[in-house]
Amino acid sequence: MGTDFLSIMISKARATQIALDLYGLHGEIAILPGELDFNFRVKTDSRSYILKVSRPEADIEYIEFQLALLNHVANNSIGIESPAVIPDLHGNQLSEIIDETGQPRKVRLLTWIEGRLWSSVNPINNQLLNSLGEQAGSLTKVLQDLDHHKARRKFDWDVAQASWTCESLHMFSEEQQLIVTYFLEQYNSFQEAYQQLRKGLVHNDANDNNIIVTHDLIDPNVKAIIDYGDAIYTQIINDLAITIAYAVMGKPDVLSAALPIVEGYHSQFPLQEKELEVLYHLVAMRLVISVTKSAINKQAEPHNDYLLISEKSAWDLLEKWKQVKEEQALYSFRNACKMTPHPKETEFTQWAKNKSVKLSSLFSTVEKEQIHPLDLSVASPWIGHQSDLEDLDDFQYKLNRLQVREPHQIIAGGYLEPRTVYTSSAYDKPGNSGTESRTIHLGIDFWVPAGTALNALFNGVVVTAVNDEGDKEYGGLVILKHQEDQFEFFTLHGHLSIKSIDSLEAGQQLKKGERFGTTGNYPENGNWAPHLHFQIMLSTLGFVDDFPGVAYSRELKVWKSICPDPNLLFKQPGLQRQSTKEETETFAYRKKHLGKSLSLSYKEPLKMVRGSGVYLIDETGKKYLDTVNNVAHVGHEHPKVVKAGQQQMAILNTNTRYLHDNINDFAKTLLSTLHSALSVVHIVNSGSEANELALRMASTCTEQRDMLAVEVGYHGNSSGCVDVSSYKFDGQGGAGAPEHTHIVPLPDNYRGIYQGENTGARYARHIQEQVEHIQSLGRNVAAFICESIISCGGQIELPEEYLKMAYDSVRKAGGICIADEVQVGCGRVGAKFWGFQLHNVIPDIVTIGKPIGNGHPLAAVVCTQQVAEAFDNGMEYFNTFGGNPVSCAIGNEVLHVIMDEKLQENAFLVGNYLKSELEKMQREFSFIGDVRGQGLFLGLELADQSRNPLTDKAAYLTNRMKDLGVLMSTDGKDNNVLKIKPPMVFSRDNAKELLSGLRTVMLEDYMKQ
Ligand SMILES: Cc1ncc(COP(=O)(O)O)c(C=O)c1O
């Protein structure tokens, strides 16, 4: 191009002149990229335009085709937006200038569509992909009543003309050639059918830089698809294939990213079954064109780095696309178009309707014809603790017990059940919204003993007889193929003994009723309690030695169609699936009949049904990394804690009016973590109750009522606690501080009234002032209550010396110092077991709540002998539930687990790592104002440069993190602080997952605005 190009180039100055002379436009001119034309953005005071100047000797007919296209779309009746052609001052849509070399050049002016380029939008979620599909489908619809002879031209980028690419195979590596050859062969094989598909004029190039997205940073939509330069008359489905090929690049799960596009396209321009049958391959062919073009261009311009980048993303996608099972793609596309995912599903269902298959046809040696259902779903109470499921001997024992109770029935169930049995990471994959786990069980499990003989249900051929080795795999696996008049189907038998299938060979014929194997025992059956996994498939999807027995819940509809319910054959009432309550139903009941001031987390609330370590699991089996629930201190449903509670519950639960060792043991363990001055324990049921008792003790001891508390502090939900909780009485629905409560400023070094270093004394002075104020009223201070790190206030660490000076002032006046450890106690702060210990003070009363029961309602008040004696004034302190043997067994176990599993040390190490990584992020993202906290009690405050709270960003972040499978929550008086206080078993890997999610969201457009 070199000198030629320079001589035909249009300068900015010339473009400015053209805009003025031809269109009367004064505006700012910017050069835009263009393959054929020289393009400029003209920005006037009122709006923007694109000025297009052709090359000399441009193809006038082609330009006229472009004008016809633009005018046609601009006049559409369905409201899609497109660039409009602006006539020059003489009313011509196509003008002409003479360039410096005396050659005529064609000039056009188009309106500029405001918005963001797709290539700059982050995140691209399903809703936006769907909107892209809708826009592309609408454009196709509009283009169908236009034709032009220039649309029927030879064009390398037309997927229908892609065969030329086979000549460039030599430019690729051997591996790349294999991929391209595969797709070329497939493409050639369906040419006949392909030629019969609908043709029409289509856009043909919805790439990242041709898609305009609205400016909305939440729920944006595609506004327009621009640049009709590649429009062509071709098979219409090619247009969708191209749209998919560009939009799914870079996505971890490319097939699932394609589906919303297909759905959107179909909603505007209904697709035909035959078109969907080739869609998968057409996506690949567009990529083949793209990588071939890149290879050719690279040869021409070896130093053009940009070409390398675009080539790499196309190759990455092509490789990934090759991994997608073609048939699965087809059924998923069909599902997206509201067709039956598997085309033979209805036929199979009809056929199966007239069958009545006896259980003894499958198990000829088992004389039982009925099923006892077994629920192994994620929420199943029969499973009990997750660890009970994982211990095969225990599980088998429970099964045996059940079988003894139900001697005449086969224990079975599981079709479409969401399960969490699959702990092996083989069931996980990175999805487009965080990690996904396969949870939906596709077959029926028959819990028959090892060695049970299996018979073929129908005449068939062995297609697979293998040892699918590995933990939680199938072990012995046999797949049989059965042929009916209209269709074929397969029956899968998993977890068989290896020996029993040794004699089977692929291709071997089996007669109906013929015995072909026996169930296996663990470990050879994939390490399961003995059972048969029986599944029906209408296709093998190209799997040879394996087939998924569990699916991702997002794909349930497709898998349900590929793998129909085996009970269509057996017709056993016991195998009918119980419908579970819809989330909306649960929500509606709660809204009407449960306390109206109960709140729910997240815009779309979650329904959790199981906890396990650092995870909460919803009813579809989706795992969420929990970074918020410090109540599940030693991990959700810690097996030892659960057991301690269960065991004691089975023996005795009564009140403290009897002697019992549990209460003493618990008290002893608890006291071993505290200074010897704190030596008397009262056991209660909640943090509120603990603080209520502490306040009452203080009043009784001092015979005073005046309390000192910290701004935005929270101490509980009882009247007495709300009276000292500024978070409540100064918040919504509150009526300000009561007469006997005196609030001191929140000692916040970042946004408080004193900021920076050494603020302890300045904040503590307010305590002394309040003491003096109380005394000036002729009264005195009863107590000062303070959290050791202020939680609801926004994870505020107390400044150095603050607590010491505060305690001095209070004690000098005869008051009691209460440390509220409800949030931070029990090793969470890492460096010490209790938060107040970070400040070298010894309170008179310590209140302990949330963590101590690991979710069980248990709390405690520990005080000095003096306080305890003064409180014992003759009025009995009775608490029906507080101190019962079950609660104490649990509390004692929690403390032992913290010590045995070194969880305080873990909090220190993982907390420090997490904090330092967050500090690094703070240097990168200006909206992270402050990172603070200790151990696994951290806060991330979002604020602008002037320290104004960024509440909306914090809300966005938590909701997006939920989408990525990480639970987070905000606090602080402006709700702009992300609180991080996960179960203490939170590992470094968990921290990495959290950090990676945060980084993903922090890079999104909403956060960057
Ligand atoms: C610091 C603090 N104290 C007391 C309480 C009250 O505890 P509970 O909800 O167990 O009554 C809470 C609860 O969030 C708290 O954060």
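The following paragraphs examine the structure supplied in this document. Note that the structure is predicted; figures quoted are calculated from it, not measured.

Attention now goes to the site of the ligand. Within the structure, the ligand sits among S686, G687, S688, N691, Y714, H715, G716, E787, D820, V822, Q823 and K850. Between the ligand and G687, the relevant distance is 2.8 Å, taken from an oxygen atom to a main-chain nitrogen or oxygen of the residue. Side-chain polar atom of K850 to an oxygen atom of the ligand: 2.7 Å apart, as the coordinates give it. If one sorts the elements of the shell around the ligand by residue count, helix α22 (residues 687-702) sits on top with three residues. In terms of residue class, the shell around the ligand is built from two nonpolar, seven polar and three charged.

A word on empty space enclosed by the protein. For the structure shown, the criterion picks out three cavities of 30 Å³ or more. Taken together, 13 residues line the second largest cavity, and the ones lying closest to its centre are D748, R751, G793, E941 and K973. The class makeup of the residues in the lining of the second largest cavity is four nonpolar, three polar and six charged.

Taking strand neighbours across the sheet as the criterion, the five strands line up as β1-β2-β3-β5-β4 in an open arrangement whose pairing is antiparallel. Each of the sheet's edge strands pairs with one partner strand only, and the pair in question is β1 (28-32) and β4 (95-98). Taking the axes of each pair of neighbouring strands and ignoring which way they run, one obtains an average angle of 30° across the sheet. Pairing analysis gives six bridges linking strand β2 (residues 38-43) to strand β3 (residues 48-53), with the strands arranged antiparallel. Each residue of the ladder has a partner; that of N39, found in β3, is K52. Of the strands in this sheet, β1, β2, β3, β4 and β5 (104-111) touch helix α2 (residues 12-23), which is tilted by about 135° from β4.

Our focus in this paragraph is the sheet that holds strand β30 (residues 781-787). With mixed pairing, the seven strands of this open sheet are ordered in space as β27-β35-β34-β33-β30-β28-β29. Each having just a single partner strand, β27 (678-684) and β29 (741-744) make up the two edges of the open sheet. On average, each strand axis in the sheet is tilted by 20° relative to the strand beside it, whichever way the strands run. Where strand β34 (residues 845-848) meets strand β35 (residues 859-864), four bridges bridge the pair, whose relative direction is antiparallel. Note that in β35 the partner of I845 across the bridge is C863. Sheet strands in contact with helix α21 (residues 661-671) are β27, β34 and β35, and its direction is about 130° off that of β27.

Attention shifts here to the nonpolar core. One recurring pattern in soluble globular proteins: nonpolar side chains tend to sit buried together. Membership of the largest hydrophobic core comes to 144 residues, with the highest contact counts inside it found for W321, F333 and F446. With 13 residues, the single largest contributor to this core is helix α9 (residues 273-300). Excluding residues that lie within four positions of it along the chain, F333 makes contacts with L255, A258, L259, V262, L276, L279, Y280 and W321. Of all hydrophobic cores here, the second largest spans 89 residues; its members include V712, C786, C817 and M961.

On to the side chain of S256. Structurally, S256 can be placed in helix α8 (residues 254-268). Once you skip the residues sitting within four places of it in the chain, S256 turns out to touch N432 and R554.

We now examine unusual backbone geometry. Cis geometry is found at the peptide bond from N122 to P123, where omega equals 5°. Following the sequence through the fold, P123 ends up in the loop between β6 (116-117) and α4 (126-143).

The next point concerns the pairing of β1. Direction of pairing for β1 relative to β2: antiparallel, over a ladder of five bridges. Counted as the bridge partner of I29 is V42 from β2. In textbook terms, the turn of a hairpin is the stretch between consecutive antiparallel strands, and for β1 and β2 this stretch comprises five residues.

The next point concerns the packing of aromatic side chains. In the structure shown here, the tally under the stated rule is 31 aromatic pairs. Relative to F570, the ring of F446 lies with its centre 5.8 Å away and its plane at 80°, an arrangement referred to as edge-to-face. Of this pair, F446 sits in strand β15 (residues 444-446) while F570 sits in helix α18 (residues 567-570), placing them 124 residues apart in sequence. What makes F446 buried here is its relative accessible area of 0%. Ring geometry for F784 and Y807: centres 6.4 Å apart, planes at 80°, overall edge-to-face. Taken as a pair, F784 in strand β30 and Y807 in helix α26 (residues 802-812) lie far apart in primary sequence, 23 residues in all. The exposure classification of F784 matches that of Y807, with both residues buried. Ring-pair connections join several aromatic residues into one group, and the members of that group are F348, W351, F458, F487 and F489.

Another point: the side chain of T673. Position of T673 relative to the elements: it lies in the loop between α21 and β27. Residue class for T673 comes out buried when judged on its relative accessible area of 11%. Separated by 3.1 Å, the side chains of T673 and W834 make a polar contact. Once residues lying within four places of it in the same chain are set aside, the contact partners of T673 are F833, W834, Q837 and M899.

Bringing the pattern of salt bridges into the picture now. Scanning the entire structure with this criterion turns up 43 salt bridges. The salt bridge involving E1004 is made with R960; its shortest N-O contact spans 2.6 Å. Here R960 lies in helix α30 (residues 951-963) and E1004 lies in the loop between α31 (988-1002) and α32 (1005-1008), a separation of 44 residues in the sequence. Taking relative accessible area as the criterion, R960 reaches 14% and is therefore assigned buried. A network of salt bridges, in which partner residues are shared, links D253, K429, E436, R554 and E555.

Side chains of E582, E583, E585 and E604 sit close together on the surface and give a patch of like negative charge. When you line up the elements, E585 lands in helix α19 (residues 583-593). On the accessibility criterion, E585 (44% relative accessible area) is partly exposed.

For the rest of this paragraph, the subject is a nonpolar patch on the surface. Judged by side-chain polarity, Y589, L594 and L598 come together as a nonpolar surface patch covering roughly 320 Å² of accessible area. Within the element layout of this structure, L598 appears in the loop between α19 and β24 (608-612).

Below, the discussion takes up helix α5 (residues 174-189). For α5, spanning 16 residues, the distance from its first C-alpha to its last is 22 Å, which sits close to the expected 22 Å at 1.5 Å a residue. The complete set of buried residues in α5 reads I179, V180, F183, L184 and Y187. All buried residues of α5 lie within an arc of 125° about the axis, which places them on one face of the element. Looking at α5, the residues exposed on the side facing more than 90 degrees away from the buried face are E174, E175, L178, E185 and S189.

This brings us to the environment of T864. With respect to the helices and strands, the residue T864 is situated in strand β35. Beyond its immediate chain neighbours, meaning those up to four positions away, T864 contacts A677, L678, V680, P843 and D844.

Relative to the elements of secondary structure, V628 occurs in the loop between β26 (623-626) and α20 (639-651). On a C-alpha basis, the gap between V628 and D944 in space is 24 Å, while along the polypeptide they are 316 residues apart. The contact partners of V628, leaving out residues within four places of it in the chain, are L967, M968, S969, K979, K981 and P982.

Turning our eyes to something else, we now look at the state of the cysteines. Enumeration over the complete set of coordinates arrives at zero disulfides. Counting only cysteine sulfurs, C863 is the nearest neighbor of C701, a cysteine outside any disulfide, at a range of 7.7 Å. Judged by its relative accessible area of 25%, C701 falls in the partly exposed class. With no disulfide partner, C817 has as its closest neighbouring cysteine sulfur the one in C786, 9.8 Å distant. On the accessibility criterion, C817 (0% relative accessible area) is buried.

The rules we used
- Residues numbered from 1 in each chain as written.
- Predicted model: local features only at pLDDT ≥ 70, side-chain atom pairs only at ≥ 80, totals over all residues.
- Heavy atoms only, no water.
- Near = heavy atom within 4 Å.
- Polar contact = N/O pair within 3.5 Å; in protein donor to acceptor, adjacent residues only side chain to side chain.
- Helix = DSSP H or I, 4+ residues; strand = E, 2+ residues; numbered from the N terminus.
- Nonpolar A, V, L, I, M, F, W, Y, C, P; charged D, E, K, R; others polar.
- 1 Å grid on protein atoms, 1.4 Å probe; cavity = no way out; pocket = protein on both sides within 12 Å on 5 of 7 lines; lining within 4 Å.
- Points joined across faces, edges and corners; volume = space filled by probe spheres on them.
- Pairing = 2+ DSSP bridges.
- Axes fitted to C-alpha atoms, helices over the stretch in contact; angles between N-to-C directions.
- Contact = heavy atoms within 4.5 Å.
- Core = buried A, V, L, I, M, F, W, Y, C linked by side-chain atoms within 4.5 Å.
- Buried < 20%, exposed > 50% of the residue type's maximum accessible area, 1.4 Å probe, protein only.
- Phe/Tyr/Trp six-rings, centres within 6.5 Å; stacked < 30°, edge-to-face > 60°.
- Salt bridge = Lys/Arg side-chain N within 4 Å of Asp/Glu carboxyl O.
- Patch = residues over 30% accessible without salt bridge, like charges linked within 9 Å, V, L, I, M, F, W, Y side chains within 5 Å.
- Areas by Shrake-Rupley, 256 points an atom, 1.4 Å probe, with all protein chains shown as cover.
- Lys, Arg positive; Asp, Glu negative; His and termini not counted.
- Charge placed at Lys NZ, Arg CZ, Asp CG, Glu CD.
- Expected span 1.5 Å × (residues − 1).
- Arc of directions from axis to C-beta.
- Disulfide = S-S within 2.5 Å.

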